[in-house]
Amino acid sequence: MKIGLISNPRHRAGDRMEFLLLRAAHWLTRFEPADLLLVTGELTAENAAPEPGFLDAFYASLARRKSELPVIFPGLETPVTVCGEVLSPAALTGRIREAAGAVPDFEAFPFEYLVAEFDGGALPHVERRVLVEPELAAQVTDFHIHTSAAYCSENMRVDRALEMAKLSGLGGVSFAEHSGQLYFESDDYWNGRSVWRTRGTPEGCRAIDRSDEYRAELRTPGCYRHGFELDVDRNGDVLLSEKERPLAEVRLGAVHFLVNRSDPREASREFLFYTESLLKYGVDILAHPFRIFAWAGLEKPAELFAPVADLLAHYGVAAEVNFHQNQPEHEFFDLCLRKGVKLSLGSDSHNLYEVGFFLPHFRFLRELGVAGKLDEVIFR
C-alpha cells in the first residue's frame, strides 16, 4: 500500500497553497499512483478556517479528472486499513514518522512530502519527494498557459497564474489562448464546426469576436509573454484575424479536430496537411503533437513520427512536451532530438494547479537522456 503524507501545508489567504495540494493529489493519482493522500498538522496558519469553497474546489478538480484517490484532511478521523490492520490517521502518521525519522513541512519551497510504502511489516519504506525541482524549473519557460478567456478554463487568471509560476520556480511564463475560441461560440467550437469555414454564413456558424476578453487579461501587470494556440480550418487557413496578430508574441500551432475520424489513413493525411499548414504559417511550437488521434479514438500513427519530425526540423519549429490529457511518445521526441528539433515544455494549464507543473516533463526528459543538457535542447 502506498501513502502520500503532506504535513503542515499552512494555507494562508491568497497564497495559492491550495493549488499545490491539488498538484500533489493529481501527481499521486496519475504519475506516482498512491492509495491514499494523508494531510496532517496545520492545514491553515494558526489553524484558522480554510477560505470558503477551498475543499469544494479541491474535490471538484479531482472529480473532473476522475480521480478516486482518497484524501484525509486534518480533523477527519477516517480509519484506514493498512495490510489488514485498521489504523486511525494519527496512528498511521505515527508509523510513517517513526520510519522517516522526521516529517518535512510542506509550506516552504520546494514543498517536500513523503511517500510511504507498506508491504506487511510494522513500519513502511519511506522516501522524501519534492513538488518542485528548482534547478530544472529555473531553466525553462511554461509556454502553454490559458486564461479566463478560454472556454475550457476552470479557474484561470493571469495574475493568479503568475503567482503559481513563482511558487513553481519557473524561469519564464507565456500565455497562449485558443484562437478559434475567440471567433466561435462554445458549442460551435467544441463540435468542430470551426474547421468547416462557415463562420458568418447563412448555413454556418454565427460570427463572434471575443478577442477583447483576452486583451483585458493581458493588461495584467507582470513579466510574461503572450500569444495564441492557433487553430487551423479544413482548408489549412489559420484562425487569427489581422487585428489580433500584434498579440502573437509566441505562436503555438495545434490540431484539435479531425473530420475523417472513421478512416485512419484519411485522418493521418488530414493531420499532416493541418500540421504543415501551421508550420508554413510560422508557428514557433507545435502543441501536443498527435494528441488528437487519442482524442478521436484512433491509434497514434507511428508512421507519421518521422515525417512530422522532418517538417519541424525543416521549418525550425519546436515540439511541445505536453501531459495535459496526453501521453507524449518517446519514439517521436527521440527522433526530434536526433534531427535537431528543440523541445518546448507546456503545462497546457486550464486549472491553476497545472501552471509550471513540470514533474512529469522532467521525468520524461530524463528518460530521453537530456535533462542534464537543457541549454542544448530546450526552445528559448
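Bear in mind the structure is a predicted one, so any value in this text is a computation, not a measurement. (Residues numbered from 1 in each chain as written. Predicted model: local features only at pLDDT ≥ 70, side-chain atom pairs only at ≥ 80, totals over all residues. Heavy atoms only, no water.)

A. Summary view of helix α11 (residues 330-338). All of the buried residues in α11 are Phe332, Phe333, Leu335, Cys336 and Leu337. Summarising the contacts, the buried residues of α11 are in contact with α10 (305-315), β13 (318-322), β14 (343-346), α12 (359-368) and α13 (374-377). Following α11 by one or two positions, Gly340 adopts a phi angle in the positive range, close to 85 degrees. (Buried < 20%, exposed > 50% of the residue type's maximum accessible area, 1.4 Å probe, protein only. Helix = DSSP H or I, 4+ residues; strand = E, 2+ residues; numbered from the N terminus. Contact = heavy atoms within 4.5 Å.)

B. Focus on the layout of surface pockets. Computed from the structure, the largest pocket encloses a volume of approximately 580 Å³. The wall of the largest pocket is formed by 25 residues, among which Arg65, His324, Gln325, Tyr353 and Glu354 lie closest to the centre. The set of elements that each furnish at least two residues to the lining of the largest pocket consists of α1 (17-31), α9 (291-295) and α12. With four residues, α1 is the largest single contributor of residues to the lining of the largest pocket. The residue makeup of the lining of the largest pocket, split by class, is eight nonpolar, 10 polar and seven charged. (1 Å grid on protein atoms, 1.4 Å probe; cavity = no way out; pocket = protein on both sides within 12 Å on 5 of 7 lines; lining within 4 Å. Points joined across faces, edges and corners; volume = space filled by probe spheres on them. Nonpolar A, V, L, I, M, F, W, Y, C, P; charged D, E, K, R; others polar.)

C. Focus on the pattern of salt bridges. Evaluated as defined, the whole model comprises 28 salt bridges. In this structure, the salt-bridge partner of Arg10 is Asp105, at a minimum N-O distance of 2.8 Å. Within this pair, whereas Arg10 is found in the loop between β1 (2-7) and α1, its partner Asp105 is found in the loop between α3 (89-100) and β6 (112-117), the two being separated by 95 residues in sequence. A relative accessible area of 16% means that Arg10 is categorised as buried. (Salt bridge = Lys/Arg side-chain N within 4 Å of Asp/Glu carboxyl O.)

D. Region of interest: the environment of Arg65. Structurally, Arg65 is set in the loop between α2 (54-64) and β3 (71-72). Of the polar contacts made by the side chain of Arg65, one reaches the side chain of Glu154; its length is 2.7 Å. Engagement of the side chain of Arg65 in a polar contact is seen with the side chain of Tyr353, the distance being 3.1 Å. (Polar contact = N/O pair within 3.5 Å; in protein donor to acceptor, adjacent residues only side chain to side chain.)

E. Representation of the packing of aromatic side chains in the model. Inspection of the entire model under this criterion finds 26 aromatic pairs. On the basis of an interplanar angle of 80 degrees and a centroid distance of 5.1 Å, the ring pair of Tyr189 and Trp190 is categorised as edge-to-face. Of the residues examined, Trp190 reaches a relative accessible area of 41% and is grouped as partly exposed. Feature note: the residues Trp27, Phe31, Phe271, Phe290, Phe293, Phe305, Phe323, Phe332, Phe333, Tyr353, Phe357 and Phe364 constitute an aromatic cluster, connected by ring pairs. (Phe/Tyr/Trp six-rings, centres within 6.5 Å; stacked < 30°, edge-to-face > 60°.)

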